[in-house]
Number of protein chains: 2
Amino acid sequence: MTEATPPRPQTRIQRRNTEAILEAALEVFSAQGFRGATLDQIAQAAGLSKPNLLYYFPSKEAIHVALLEGLMDIWLAPLRAMDPAGEPKAEIMGYMRRKLEMSREMPRESRLFANEVLQGAPRFIEGIEGDLKTLVDDKAAVIGAWAAAGKIAPVDPYHLIFSIWALTQHYADFDVQVRAVLGPGRAPFAEAERFLETLFERLLAP
Amino acid sequence: MTEATPPRPQTRIQRRNTEAILEAALEVFSAQGFRGATLDQIAQAAGLSKPNLLYYFPSKEAIHVALLEGLMDIWLAPLRAMDPAGEPKAEIMGYMRRKLEMSREMPRESRLFANEVLQGAPRFIEGIEGDLKTLVDDKAAVIGAWAAAGKIAPVDPYHLIFSIWALTQHYADFDVQVRAVLGPGRAPFAEAERFLETLFERLLAP
DNA sequence: CCTACCGATCGGTAGG
DNA sequence: CCTACCGATCGGTAGG
């Protein structure tokens, strides 16, 4: 866990291979989970030999940690963009919409984090207790102030954030189940957007 | 996949061992996922040797399939109990409460299904397309009729059911993250109950 | 950056 | 000749 990032300085080839490895790792880890994934699968998807893979990252765990850390900023961007100076309900609705958009556009990333947290976040707990908790505490205070000022309904800010996570990530993480239950000819994400807009409009109305 | 259940008739010892295996498999599969779990872990948790384990079930996959099938009825009971003749809002709120209670009392079962669906439900897709879809179609029709009659707000019944799944299972599946973000001295499930009661009251009000 | 490997552990099965 | 097992090991594959 000490050396999660590849050696520097990097040549163009090294940068390209590092990118290919992380892309391949995202594909494989998100579909199989950490233990289910193999270095051979990742190496093949990246178009590298396994020994070459292990030249760039010292271990399977190092790839996984680098992947999670590299995605953390992107993953938290929608919440980070919630503006304390903005119009309260519009800011929360905007956050929900960005998060749902993320589930649609980045389902592999969603499943990667889901797999990790579901199994107790053994390689990620410091990220949750660090960046994530700090950001959520910050934004929960903002939402709490909006509620106290009567701009939105008086709801628990933490559970409001949890509800946005749960409702939007569900469509990425349980995509197979959602599509199987809805049957063919439906558009889960478009339907979800309308449903969630109604849900949060009604929940937040002061 | 032909012989997922142990031989019959069973002695008392056989019934006890079969129960111990399924309990151990729930513990291990829910925490590690299918590929992450090993027969050795399951055997040890069940207090049996691995060869004895494989006397009762022919393979790792057979244990997993038997476990999912055996839990299906319990898992669907809360939705099944929703009464078409009952008071609409009370029936939906009751379903939500039973589902949240299930997340609190049976988090391992929740994580078992979550692990499976998250990875594309390779050993479970027929259960989703069969029993689950049939039941959801049935109950969605009931909810749709309630909405059409103006007893509840006009919401998409399928996405209403998805929202109950997402919001209640989140507290079991992402328990580690919820607790890490909330910090010590909080009661996630008690808080969730109050929050979700508010949320669905507001969503469903005609 | 490849060929050739290792200690260990995987799911599953042998004889008794 | 059945049941309910055990100690030891199978062929292959894991991470490294």
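Keep in mind that what you see is a predicted model, and the values were worked out from it rather than measured.

Trainee: How would you explain the UniProt feature "domain: HTH tetR-type" (unreviewed entry) in chain A if you had to name every residue and give the values?
Mentor: If you check UniProt for "domain: HTH tetR-type" (unreviewed entry), the listed places come out as residues 15–75 of chain A in our numbering. In residues 15–75 of chain A, helix accounts for 87% and strand for 0%; the two terminal C-alpha atoms are 22 Å from one another.

Trainee: So what's going on with the interface of chain A and chain B? Residues and values would help.
Mentor: Facing the 54 residues of chain A at the interface are 53 residues of chain B. Buried area between chain A and chain B, both sides added, is near 4700 Å², and the carbon and sulfur share of it is 68%. If you sort the residues of chain A by the area they bury against chain B, L118(A), H159(A) and V181(A) come out on top, with a joint share of 16%. Scanning the region where chain A abuts chain B turns up two salt bridges. When the shortest N-O distance is used, the salt bridge between D156(A) and R186(B) registers 3.6 Å. For the interface between chain A and chain B, the tally reads 17 residue pairs in polar contact (both at pLDDT 80 or more). Of all the secondary structure elements, the ones that give two or more residues to the side of chain A that touches chain B are helix 1 (12–36), helix 6 (107–118), helix 7 (125–148), helix 8 (157–173), helix 9 (175–182) and helix 10 (188–204) of chain A. Looking at the side of chain A that touches chain B residue by residue, the classes come out as 31 nonpolar, 13 polar and 10 charged.

Trainee: Describe the packing of aromatic side chains, listing the residues and the values that go with them.
Mentor: Inspection of the entire model under this criterion finds 12 aromatic pairs over all chains. Note on F162(A) and W165(A): the rings are 5.6 Å apart at their centroids and 50° apart in plane angle, and the pair reads as tilted. Of this pair, F162(A) and W165(A) both sit in helix 8, separated by three residues, roughly a single helical turn. The same class applies to F162(A) as to W165(A), namely buried. Judged by centre distance (5.6 Å) and plane angle (15°), the ring pair of F29(B) and F34(B) falls under stacked. Judged on exposure class, the residue F29(B) and its partner F34(B) are both buried. Members of the aromatic cluster, connected to one another through ring pairs, are F162(A), W165(A), Y171(B) and F189(B). One Lys or Arg, R186(A), reaches over the ring of Y158(B) and ends 5.4 Å from the middle of that ring.

Trainee: Run through the packing of helix 8 of chain A against helix 8 (residues 157–173) of chain B, naming residues and quoting values.
Mentor: Viewed as axis vectors pointing N to C, helix 8 of chain A and helix 8 of chain B meet at an angle of 120°, and their least axial separation amounts to 9 Å. Between helix 8 of chain A and helix 8 of chain B, the angle falls in the class oblique. Along this stretch, helix 8 of chain A crosses helix 8 of chain B, giving a crossing that reads as right-handed. Along the contact surface, helix 8 of chain A presents H159(A), F162(A), S163(A), W165(A), A166(A), L167(A), H170(A) and Y171(A), while helix 8 of chain B presents H159(B), F162(B), S163(B), W165(B), A166(B), L167(B), H170(B) and Y171(B). Grouping the constituent residues of the contact of helix 8 of chain A with helix 8 of chain B by class yields 10 nonpolar, six polar and no charged.

Trainee: I'd like a rundown of the relation of the copies chain A and chain B, residues and numbers included.
Mentor: Note on the copies: chain A fits chain B at an RMSD of 0.1 Å, the axial shift is 0.0 Å, and the rotation between them is 180°. Interpreted geometrically, this transformation is the action of a two-fold axis. Both copies contact each other with a shared surface, as 98% of the interface residues of chain A are interface residues in chain B too.

Trainee: Give a description of the protein's contact with DNA strand D that names residues and reports values.
Mentor: Around DNA strand D there are 17 residues in total, and K60(A), Q14(B), N17(B), S49(B) and N52(B) lie nearest to it. By atom count, sugar and phosphate contribute 76% of the portion of DNA strand D lying within 4 Å of the protein. A37(A) has a polar backbone atom sitting 3.1 Å from a phosphate oxygen of DNA strand D. At 2.8 Å from a phosphate oxygen of DNA strand D is found a side-chain nitrogen or oxygen belonging to S49(B).

Trainee: Hey, could you go over the protein's contact with DNA strand C for me, with residue numbers and the actual values?
Mentor: In the vicinity of DNA strand C, 15 residues are found, and the nearest of them are S49(A), A37(B), K50(B), L54(B) and K60(B). Take the atoms of DNA strand C that sit within 4 Å of the protein: sugar and phosphate atoms are 59% of them. Between S49(A) and DNA strand C, the recorded distance is 2.5 Å, taken from a side-chain N or O atom to a phosphate oxygen. In this structure, Y56(A) approaches DNA strand C through a side-chain N or O atom, which is 3.1 Å from a phosphate oxygen. Those elements that provide at least two residues to the surface near DNA strand C are helix 1 and helix 3 (50–56) of chain A together with helix 2 (39–46) and helix 3 (50–56) of chain B. Taken together, the residues of the surface near DNA strand C break down into seven nonpolar, five polar and three charged.

Cut-offs applied
- Residues numbered from 1 in each chain as written.
- Chains lettered and ligands numbered in written order.
- Predicted model: local features only at pLDDT ≥ 70, side-chain atom pairs only at ≥ 80, totals over all residues.
- Heavy atoms only, no water.
- UniProt positions renumbered as here; feature names shortened; annotations may be inferred.
- Helix = DSSP H or I, 4+ residues; strand = E, 2+ residues; numbered from the N terminus.
- Contact = heavy atoms within 4.5 Å.
- Buried area = accessible area lost by both parts, 1.4 Å probe.
- Salt bridge = Lys/Arg side-chain N within 4 Å of Asp/Glu carboxyl O.
- Polar contact = N/O pair within 3.5 Å; in protein donor to acceptor, adjacent residues only side chain to side chain.
- Nonpolar A, V, L, I, M, F, W, Y, C, P; charged D, E, K, R; others polar.
- Phe/Tyr/Trp six-rings, centres within 6.5 Å; stacked < 30°, edge-to-face > 60°.
- Buried < 20%, exposed > 50% of the residue type's maximum accessible area, 1.4 Å probe, protein only.
- Lys NZ or Arg CZ within 6 Å of the ring centre and 35° of its normal.
- Axes fitted to C-alpha atoms, helices over the stretch in contact; angles between N-to-C directions.
- Parallel < 35°, antiparallel > 145°, perpendicular 65-115°, else oblique.
- Left-handed = near helix turned anticlockwise from the far one by under 90°.
- Least-squares fit on C-alpha atoms with pLDDT ≥ 70 in both.
- Near = heavy atom within 4 Å.

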